[in-house]
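# Per-entry structural report
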Amino acid sequence: MSNKYDANRDRVLRVAAELFAKSGYHGTGVAEIGEATGLGRGALYHYIGSKEAILYEISSRQLAQMNTVADELALSEADPEERLRGLARALMRNIAEHRAEWTVFFREYNALTDERRDRIIAERERYESHWRNALEQGIRDGQFRALPRLIVKGLLGMFNYSYLWIIPAGAETPEEIADEFLDAVLTGMRAADR
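Structure report, in brief. Keep in mind that what you see is a predicted model, and the values were worked out from it rather than measured.

A word on the pattern of salt bridges. Opposite charge on two side chains lets them pair, provided their charged atoms get close. Under the criterion given, the structure shown has 19 salt bridges. A salt bridge links Arg 93 to Glu 175; the shortest N-O distance between them is 2.8 Å. Taken as a pair, Arg 93 in helix α5 (residues 80-97) and Glu 175 in helix α9 (residues 174-189) lie far apart in primary sequence, 82 residues in all. Using a relative accessible area of 22% as the deciding quantity, one classes Arg 93 as partly exposed.

As structure tokens, this is what we get:
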């Protein structure tokens, strides 16, 4: 594919994410996306195939990026607390820089059907497993006390909800916010003798 094709496709996805975030997946028509991008229906389908394909691509791109970061941290960071910190900082930065995409993901991924929905759920589970693995290693190593398995859902919920309010250039950086969130949680997770 050419650079022009990729740039146009990225623009379609970016515009669609903004529209879906504003009006919802079901509240946004293909005609609106075409009008906002200046592309006719035929050209639009050349770049995206279908409205559901747009939703899938918006949802899967950010998950793929976060799984890449998590995979790299799993290989390069042995300390579970530092791995959690890296995961937290990367997630908060990504949400801050891609608010529309995360808004669409969190609100709309359930509109995906069949294999697309299954792939998104599998990728989300894979990402959550990186957090779970770091926590479980911290428990085995004696850094953290024993925790319920659902703690990962609660921990990620703190970060994920930030798509509603985070500002990339706010008074605190996304990384500083991530550190504050994680510090508050880690204080409660630390083993008693630490």
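Next comes the rest of the write-up.
Next up on the list: unusual backbone geometry. With a phi close to 50 degrees, Asp 114 is a non-glycine residue in the positive phi region. The residue Asp 114 is located in helix α7 (residues 114-140) in this model.

Attention now moves to the nonpolar core. Grouped together as the largest cluster of nonpolar side chains are 57 residues, with contacts concentrated most on Phe 20, Leu 84, Leu 91 and Trp 131. No other element matches the nine residues that helix α1 (residues 3-23) contributes to this core. Setting aside chain neighbours within four positions, we find Leu 91 in contact with Met 66, Trp 102, Tyr 127, Trp 131, Leu 156, Phe 159 and Asn 160.

Definitions and cut-offs
Residues numbered from 1 in each chain as written. Predicted model: local features only at pLDDT ≥ 70, side-chain atom pairs only at ≥ 80, totals over all residues. Heavy atoms only, no water. Salt bridge = Lys/Arg side-chain N within 4 Å of Asp/Glu carboxyl O. Helix = DSSP H or I, 4+ residues; strand = E, 2+ residues; numbered from the N terminus. Buried < 20%, exposed > 50% of the residue type's maximum accessible area, 1.4 Å probe, protein only. Core = buried A, V, L, I, M, F, W, Y, C linked by side-chain atoms within 4.5 Å. Contact = heavy atoms within 4.5 Å.

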